[in-house]
Amino acid sequence: MNPIILIPARMASTRLPGKPLAVIGGRQMILHVLDRAREAAIGPAAVAAGEPEIVAAIEADGGTAVLVADDVPSGTDRIHLALRALDPEARHDAVINLQGDLPTLPAALLRTLLGALEDSNADIATLVAPITTDAEAAASQVVKCACAFPPGVAVAPALYFSRLPIPWGDGPRYHHIGVYAYRRAALERFVTLPASPLELREKLEQLRALEAGMRIVAALVDHAPFGVDTPEDLERARTALGQHP
């Protein structure tokens, strides 16, 4: 496949305004995320930015950014518009949506994600990691994926996503990591679909794809990287990267 990595980023965060430009060791967070994309070495990477100041930061670092209107419904719509601007000839047949608040994401996970899409007939691939505590399972901000991995299998169909600790009963549960690899045709279809009933109920965009009959596979990885949503998360990222200002 010929993938491109697109990173949606916008300044308007309720809990941490301006977080793409928050500084971690003298380097803005969105640049750390772009570094992870570059380190994956699977294709070009660009930022789909909601504001000119994000574009300026990326271009000052020698990167590529596209300014996308901030009134689009979601990050998925933002990367779709950026894709059309960057690749009108449709050279790239796979699109990785990398969230702009994952500065500690190991680059190897992006290679795992792409491999899951390449080695399946799915429309979309994503990542999951084992849930290790009851508190993690119960937390509504941790999205759970209903999937099952037989021994020796590391990619499985994603059957449902919920904020509840699914599935019921004894056995492993999986923490969904919100990065996606789309076949280009799947992304083009997804953005034309209306928001679905379960998507609106759970507030989980990926349910729109499942309700429309699209197939998602999940690749199992060891640990879930954390997203930066609050000032406390930002301090945790600075500690994890060993780069306090």
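Scroll up to find the structure.
Residues numbered from 1 in each chain as written. Predicted model: local features only at pLDDT ≥ 70, side-chain atom pairs only at ≥ 80, totals over all residues. Heavy atoms only, no water.

Q: Could you give me a rundown of the overall build of the chain, with the residues and numbers involved?
A: Along its length, the chain carries nine helices and twelve strands. Taking 2.2 N^0.38 as the reference for a compact globule, 245 residues should give roughly 18 Å; the C-alpha atoms of the chain span a radius of gyration of 17 Å, in line with that estimate. C-alpha extents for the chain along the principal axes are approximately 50 × 40 × 35 Å. Evaluated residue by residue, the chain yields a buried proportion of 54% over its 245 residues. With the model as given, the accessible surface of the chain reaches about 11000 Å², and the carbon-plus-sulfur share is 55%. Positive and negative charge centroids in the chain, built from 22 and 29 side chains respectively, lie 2 Å apart. (Helix = DSSP H or I, 4+ residues; strand = E, 2+ residues; numbered from the N terminus. Rg over C-alpha atoms; globule rule 2.2 N^0.38 Å. Buried < 20%, exposed > 50% of the residue type's maximum accessible area, 1.4 Å probe, protein only. Areas by Shrake-Rupley, 256 points an atom, 1.4 Å probe, with all protein chains shown as cover. Lys, Arg positive; Asp, Glu negative; His and termini not counted. Charge placed at Lys NZ, Arg CZ, Asp CG, Glu CD.)

Q: Can you tell me about helix α2 (residues 52-60), naming the residues and giving the values?
A: Every buried residue belonging to α2 is among I54, V55, A57 and I58, and all of these are buried. Seen from one end, α2 has its buried residues packed into an arc of 160°, which puts them on one side. In α2, the exposed positions that point more than 90 degrees away from the buried face belong to P52 and A60. In the core, the buried residues of α2 are packed alongside β1 (3-9), β3 (27-28), α1 (29-40), β4 (45-49) and β5 (65-67). Backbone geometry just after α2 places G62 at a positive phi near 85°. (Arc of directions from axis to C-beta. Contact = heavy atoms within 4.5 Å.)

Q: Now, about the side chain of T126: what can you tell me, with residues and values included?
A: For T126, the location among the structural elements is in strand β7 (residues 124-130). Excluding residues that lie within four positions of it along the chain, T126 makes contacts with L113, F161, H176, I177, V179, Y180, I216, V217, A218 and A219.

Q: Can you tell me about unusual backbone geometry, naming the residues and giving the values?
A: A cis amide bond, omega -10°, links I166 with the succeeding residue P167. Locating P167 in the fold gives a position in the loop between β10 (160-162) and β11 (174-183). Although it is not a glycine, A41 adopts a positive phi angle of roughly 55°. Relative to the helices and strands, A41 resides in the loop between α1 and β4. A41 sits in the exposed class, given a relative accessible area of 65%.

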